[in-house]
Amino acid sequence: MAALLKTVLAIRHKQIPGLPGFTSPNEYISLEGGPFRLSAEHRSWEALTDAEGRVLPRRAGINSYGIGGVNAHIILEEYIPSEVAVPAVPADRPQLVVLSARNPDRLEAYTRHMLEFAEKAPAFSLADFAYTLQVGRDSMESRLAFAARSREELIYGFREFLTAVGEEAAWGEELKVHASVSIYVGDARTPGHGKANGENVQKLLAEHRLEELALYWTKGGQIPWELLHYGRSVRRLPPPTYPFEARRCWPTPRPEPEREADVNPAVRTEEAGGSPAMVASPADGHVTDILSRLLGMAPEEIHPDIPLDQYGLDSILLMQLLQQLQNRIDPAFDLAGLQECRTVRDIVSKVQPYGIRNPEPPTSQPLSLVPARWPQFPELILLNKGVEGAPVFWFHGGLGGVEMYQSLAQKSRRPFYGIQARGWLTDRSPLQGVGAMAAYYAHIIQTVQPEGPYDLGGYSLGGVLAYEVLRQLQELDKTVNTVVMLDSPFGIEFQQGEISRPSAVLQAVNLALASRHFHEPEKFAQTLIHRDEVDLNAGEERSLRRLIELGNERGLTKTEDQILTMIAANIKIQHAYQFDRFSIMPLPDPEAVTCYYFRNKGGLIFGELEPYFSTTEDSSALDRAQYWTEWERQFPNLHMFDIDVSNHMVLLSEPKAYETIYEFCEKLYSGKGITPKFLQAFKSKTKKLHGSKLTALK
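Because the structure is predicted, anything quoted here is derived from the model rather than measured.

Draft legend 1. Region of the structure containing the overall build of the chain. For the chain, the count of helices and strands is 24 helices and 14 strands. Relative to all contacts within the chain whose residues are 6 or more apart in sequence, the contacts with residues 24 or more apart total 72%. Looking at the chain as shown, the accessible area adds up to about 35700 Å², and 51% of this sits on carbon and sulfur atoms.

What follows is the structure, given as structure tokens:
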């Protein structure tokens, strides 16, 4: 692209650019007798002529070479207008000037730019100017049109429109200023716009009835502009381009709390036009701003009393909302309280008692524990109200989120932190490889709790991450007491490379549907979308449209943009694991830690859910893998609990399974911890309730 732009500019300015830093050619290169010249200075690019003395267009070649021998070559040629005689447009022939924008505000700005151009530019053809606006610009919703015979009438028309707008003239079906120039303004979205048929439009064009064409176009009509100039010589000019809305896409610096608190809520409401969707206090503003960013919507689109699930807010996005509220409102903001909220107004009522605290991160957190804020770690989410003792850290599963730990965290009296994947539904880039992820998570843990002992855990891939974090902490001479693994798999069957894009698309839509019935797995079969219901080989756009259509029929409230964001996040995280390159390394001090492993008794990974989360049947091989044996080798102090559950995917969804896990974790993360007496009794109770035979393995 750099070479292309440089060459286009060279042709435009008729100069051959010099070579920066060039002094003299290599002594082994001879340019004598050839057309090539090397120079550090710009040189005039003289046009060549043919045998008959006619000027030839300037031409340049661009070559691009890639690793492996891939190469591309293009030739650019200077544009020279045709000299074929075409009747010129009469100087006094009226021209239809049209201008459109996304909204009235942008149309006004666009008109100001065009007025400045018309006033300051040297003499130009009005016909060329009008033709450029007709065929060289997209027709958008807010439209302006008028006929002008001269440059003076063009300037007058622009000024009259801006004057009418400045006097707050009404925007309705049309705005007509009765003067020497008649100006038409309209909105293409008005009902019944553009009703003229093709025959009528052809007649208007043939008779050059510009005012009627202006009125028709401003109401949303489509005009074949080339016919308006048929048989006449017109060309495009370079007038000002569209004035895009100045919109800051970087995070907006938040005002100091003291200043924000001084703002009169009544004044803010009045300034906002009194709309019920507008905010009335600093806390309200923070809530609306956070939600709009998460949902990909403008703040004014969010109404305070519309249920949040209608905007696509599910348990996945709820985690991101909780993290933002903890970092921007108060680190003690409670997940349980947030789960009770159904509307923005409900959230605001929960936020009000907290106020807005200093956002600066602390350097460490004492174990007394008033929760502290960690804005530098958007991956860290406090999932409960626990304040007794050292925190607990659980890591995300393969899909990147920690929403599955919501209920589990409430059983802990200690602060329970979920660590989601870096880059999961945030603008951060994911870390590449399990080792790099674990190093970052170990850094987070030590920032929150500078010294051990630590307690770690995770479901599925989260348990693998917990092991690697444990190993790296031990290498730093840190103490880890316990690791809880919930059916965490490791083995060659699970190291087969990256997920396919069709599978990621299917997973993203079904993950959104499943999140609505997380603790009702019996509804999965009737809610989730079977891979056979969609032709995933018909093209991503078509298959995605069908998936969203089916999802909407089954309760999906996410927009297409939200689904696309989840798909992108899913693929980004899945590829970042590089699980096929990861290998388990021995612990520096294996005797110092105890592992509690909850094993899916049947050994099924997907089971009956396999066609809802994979586009091929290859994943069924995972159901025959003995994926826990690696942990038996690495942990001398390993306690295995068999859990009777349909498959790996619903370990924390089926009551019989999760109630057993909750009971154990509640005791583990209490003040007393696990005693030998409790452990023996729990093992007996679990075996009696769930059994121990692995029925699905062969």
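Text resumes after the structure shown.
Draft legend 2. Representation of the packing of aromatic side chains in the model. Using the criterion set out here, one finds 32 aromatic pairs in the structure. Relative to Phe682, the ring of Phe598 lies with its centre 6.4 Å away and its plane at 75°, an arrangement referred to as edge-to-face. Of the two residues, Phe598 is situated in strand β13 (residues 594-600) and Phe682 in helix α24 (residues 676-690); the sequence distance between them amounts to 84 residues. Judged by its relative accessible area of 0%, Phe598 falls in the buried class. The ring of Tyr440 carries the charged tip of Arg422 above its face, separated from the ring centre by 5.4 Å. A cation over an aromatic ring shows up here: Arg599 above the ring of Trp628, its NZ or CZ 4.7 Å from the ring centre.

Draft legend 3. Inspection of the pattern of salt bridges at higher detail. Under the criterion given, the structure shown has 29 salt bridges. Each of Lys14, Arg58 and Glu78 takes part in one network of salt bridges that share partners.

Draft legend 4. The arrangement of the pairing of strand β7 (residues 183-187) in detail. The buried fraction of β7 is high, at four of five residues. Direction of pairing for strand β6 (residues 142-148) relative to β7: antiparallel, over a ladder of five bridges. Within β7, the residue paired with Ala145 across the bridge is Tyr184.

Draft legend 5. Molecular detail of the sheet that holds strand β12 (residues 480-486). Within the open sheet, the seven strands sit side by side as β8-β10-β9-β11-β12-β13-β14. Their pairing is mixed. Of all strands in the sheet, those with a lone pairing partner are β8 (380-382) and β14 (638-643), marking the two edges. Each strand of the sheet is rotated relative to its neighbour by a mean of 20°, with strand direction disregarded. Looking at chain direction, strand β9 (residues 392-395) and strand β11 (residues 454-459) are connected through three bridges and run parallel. Among the inter-strand pairings, Trp394 is bridged to a residue of β11, identified as Gly457. Packed on one face of the sheet, α24 meets β13 and β14 and runs near 30° to β14.

Draft legend 6. Quick look at the environment of Tyr454. Structurally, Tyr454 can be placed in strand β11. Its relative accessible area of 0% is what places Tyr454 among the buried residues. Sequence separation of Tyr454 and Val483 is 29 residues, and the distance between their C-alpha atoms is 8.9 Å. Filtering out sequence-adjacent residues up to four positions away, Tyr454 remains in contact with Phe393, Ile445, Gln446, Gln449, Leu473, Lys478, Thr479, Val480, Asn481 and Thr482. Only 2.8 Å separates the side chain of Tyr454 from the backbone oxygen of Gln449, close enough to count as a polar contact. A polar atom in the side chain of Tyr454 sits 3.2 Å from the backbone oxygen of Pro450.

Draft legend 7. Focus on helix α23 (residues 655-668). When the terminal C-alpha atoms of α23 are compared, their 20 Å separation across 14 residues agrees well with the 20 Å that a helix rising 1.5 Å per residue should span. Those residues of α23 that fall on the buried side of the exposure criterion are Ala657, Tyr658, Thr660, Ile661, Tyr662, Phe664, Cys665 and Leu668. Lining the buried residues of α23 we find β9, α14 (406-409), β12, β13, β14 and α24.

Draft legend 8. Region of the structure containing the nonpolar core. One finds Leu325, Ile347, Trp394, Tyr405, Tyr441, Leu456 and Trp631 to be the most contacted residues of the largest nonpolar core, which totals 138 residues. Once residues lying within four places of it in the same chain are set aside, the contact partners of Tyr405 are Leu383, Trp394, Phe395, His396, Gly397, Phe416, Gly458, Tyr459 and Leu652. Judged by nonpolar contacts, the second largest core, of 44 residues, contains Leu96, Val97, Leu107 and Val165.

Draft legend 9. Just empty space enclosed by the protein, in detail. Applying the stated criterion across every chain yields a total of four cavities of 30 Å³ or more. Of the pockets and cavities examined, the largest cavity occupies roughly 90 Å³. As for the largest cavity, its lining consists of 13 residues, of which Gln326, Asn327, Ala372, Trp374 and Leu380 are closest to the centre. Secondary structure elements with two or more residues in the lining of the largest cavity: α11 (315-328) and β8. Residues belonging to the lining of the largest cavity are distributed by class as follows: nine nonpolar, three polar and one charged. Here the second largest cavity is characterised by a volume of approximately 60 Å³. As for the second largest cavity, its lining consists of Val98, Leu99, Ser100, Tyr110, Leu133, Gln134, Arg137, Asp138, Ser139, Trp217 and Trp225. At the level of elements, β5 (95-101) and α3 (126-135) are the ones that each hand at least two residues to the lining of the second largest cavity. The greatest single-element share of the lining of the second largest cavity, amounting to three residues, is contributed by β5. Residues belonging to the lining of the second largest cavity are distributed by class as follows: six nonpolar, three polar and two charged.

Draft legend 10. Main features of the side chain of Asn327. Note on placement: Asn327 falls in helix α11. For Asn327, the residues in contact, after removing those within four places along its chain, are Arg373, Trp374, Pro375 and Phe377.

Draft legend 11. Quick look at unusual backbone geometry. With an omega dihedral of 5°, the bond running from Gly452 to Pro453 counts as a cis peptide bond. With respect to the helices and strands, Pro453 occurs in the loop between α15 (434-448) and β11. Unusually for a residue other than glycine, Lys14 sits at a positive phi of about 55°. Relative to the helices and strands, Lys14 resides in the loop between α1 (2-13) and β1 (15-16).

Rules and cut-offs
- Residues numbered from 1 in each chain as written.
- Predicted model: local features only at pLDDT ≥ 70, side-chain atom pairs only at ≥ 80, totals over all residues.
- Heavy atoms only, no water.
- Helix = DSSP H or I, 4+ residues; strand = E, 2+ residues; numbered from the N terminus.
- Contact = heavy atoms within 4.5 Å.
- Areas by Shrake-Rupley, 256 points an atom, 1.4 Å probe, with all protein chains shown as cover.
- Phe/Tyr/Trp six-rings, centres within 6.5 Å; stacked < 30°, edge-to-face > 60°.
- Buried < 20%, exposed > 50% of the residue type's maximum accessible area, 1.4 Å probe, protein only.
- Lys NZ or Arg CZ within 6 Å of the ring centre and 35° of its normal.
- Salt bridge = Lys/Arg side-chain N within 4 Å of Asp/Glu carboxyl O.
- Pairing = 2+ DSSP bridges.
- Axes fitted to C-alpha atoms, helices over the stretch in contact; angles between N-to-C directions.
- Polar contact = N/O pair within 3.5 Å; in protein donor to acceptor, adjacent residues only side chain to side chain.
- Expected span 1.5 Å × (residues − 1).
- Core = buried A, V, L, I, M, F, W, Y, C linked by side-chain atoms within 4.5 Å.
- 1 Å grid on protein atoms, 1.4 Å probe; cavity = no way out; pocket = protein on both sides within 12 Å on 5 of 7 lines; lining within 4 Å.
- Points joined across faces, edges and corners; volume = space filled by probe spheres on them.
- Nonpolar A, V, L, I, M, F, W, Y, C, P; charged D, E, K, R; others polar.

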